[in-house]
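# Structural description and commentary
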Amino acid sequence: MNDHLISDDLIKKAEEFVRKSFEKDASGHDFFHIQRVVLNAKKICRTEQADEQLVMLAAWLHDVGDYKLHNGIDRSEELITGLLKKENADNLIIEKVVKIVSEVSFSKGNKPGSIEAKIVQDADRLDAIGAIGIARCFAYGGSSGNLIYNPDNLSKNSSSIQHFYDKLLILKNLMNTETARSIADKRHQFMELYLEEFYSEVVEH
Ligand code: NI
């Protein structure tokens, strides 16, 4: 057992699987979201001591089976195990990937236990903030039937703008790695600027 058990071929297979399964998603979890997370993760790996192949494999698979995409039921363990077994991946690898994916989600509130999980979590969270995060926030809100903004209701989950306060503006301080933190700073500032402009347009004065 060593870190070199994850072949480039297995990573490619994961990419192909994700490309097929997420092709038509319109909730902000499309294939290109996952591809951006992989690229973010790769960038973070340059400054961290981590098993990069494991990070890549988990990053490709991080949204597979997510409850948001399966009517509230988490099917990640089942689907990831099924795919990796079919590709004859080692059991230890399957276990590691399933664990990382279970630790990445914001809503599950899990703390990542390994540097690899920390990197994938940061990479995913970076795609939830900044200009791309704003676009995804409204896409997800629209696909879930939420309002853009409701000045009469500022409770949790009441609108996409409210989601900035429920989650997006909190993420900067939750980054695990230095690299992600410095990217997050810039993206956070842009979101604050965006909100300022938004309110100047929607609030009567
Ligand atoms: Ni994601």
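Keep in mind that this is a model prediction, so the values were computed, not measured. (Residues numbered from 1 in each chain as written. Predicted model: local features only at pLDDT ≥ 70, side-chain atom pairs only at ≥ 80, totals over all residues. Heavy atoms only, no water.)

### Describing the overall build of the protein chain
Within the protein chain one finds nine helices and zero strands. Each helix and strand of the protein chain, placed in order from N terminus to C terminus, yields the pattern α-α-α-α-α-α-α-α-α. Radius of gyration (C-alpha) of the protein chain: 18 Å, near the 17 Å computed for a compact globule of 205 residues. By its C-alpha atoms, the protein chain is 65 × 35 × 25 Å across when sized along the principal axes. When burial is assessed residue by residue, the protein chain has 42% of its 205 residues classed as buried. Within the protein chain, contacts between residues at least 6 apart in sequence are counted, and of these 64% link residues at least 24 apart. Surface accessibility of the protein chain: about 11,100 Å² in total, with carbon and sulfur atoms responsible for 51%. When the 26 positive and 33 negative side-chain charges of the protein chain are each reduced to one mean point, those points stand 2 Å apart. (Helix = DSSP H or I, 4+ residues; strand = E, 2+ residues; numbered from the N terminus. Rg over C-alpha atoms; globule rule 2.2 N^0.38 Å. Buried < 20%, exposed > 50% of the residue type's maximum accessible area, 1.4 Å probe, protein only. Contact = heavy atoms within 4.5 Å. Areas by Shrake-Rupley, 256 points an atom, 1.4 Å probe, with all protein chains shown as cover. Lys, Arg positive; Asp, Glu negative; His and termini not counted. Charge placed at Lys NZ, Arg CZ, Asp CG, Glu CD.)

### Considerations on the coordination of the nickel ion
Tetrahedral coordination by four donors puts the ideal angle at the metal at 109.5 degrees, and octahedral coordination by six puts it at 90 or 180 degrees. Coordination of the nickel ion by the protein involves His33 (NE2), His62 (NE2), Asp63 (OD) and Asp124 (OD), with metal-donor separations of 2.1 to 2.4 Å. Sequence spacing of the donors to the nickel ion: H-x28-H-D-x60-D. With His33 in helix H2 (residues 31-45) and Asp124 in helix H6 (residues 115-126), this pair connects stretches of sequence that are 91 residues apart. Comparing His33 with Asp124 shows no difference in burial state: the two are buried. (Donors = N, O, S within 2.8 Å, 3.2 Å for Na, K, Ca; no water.)

### Things to note about the side chain of Asp166
Relative to the assigned elements, Asp166 resides in helix H8 (residues 160-168). Reaching out from Asp166, the side chain makes a polar contact with the backbone nitrogen of Asn157 at a distance of 2.8 Å. (Polar contact = N/O pair within 3.5 Å; in protein donor to acceptor, adjacent residues only side chain to side chain.)

### Some remarks on the packing of H2 against H6
Packing of H2 against H6 leaves a shortest axis separation of 8 Å and a crossing angle of 130°. As summarised for this structure, H2 and H6 are arranged oblique, according to the angle between their axes. The interaxial crossing formed by H2 with H6 has right-handed handedness. Residue-level inspection shows His33, Val37, Asn40, Ala41, Ile44 and Cys45 of H2 in contact with H6, the latter providing Ile119, Val120, Asp122, Ala123, Asp124 and Leu126. In the contact of H2 with H6, the residues fall into eight nonpolar, two polar and two charged. (Axes fitted to C-alpha atoms, helices over the stretch in contact; angles between N-to-C directions. Parallel < 35°, antiparallel > 145°, perpendicular 65-115°, else oblique. Left-handed = near helix turned anticlockwise from the far one by under 90°. Nonpolar A, V, L, I, M, F, W, Y, C, P; charged D, E, K, R; others polar.)

Read these as layout, nothing more, since geometry by itself doesn't imply function.
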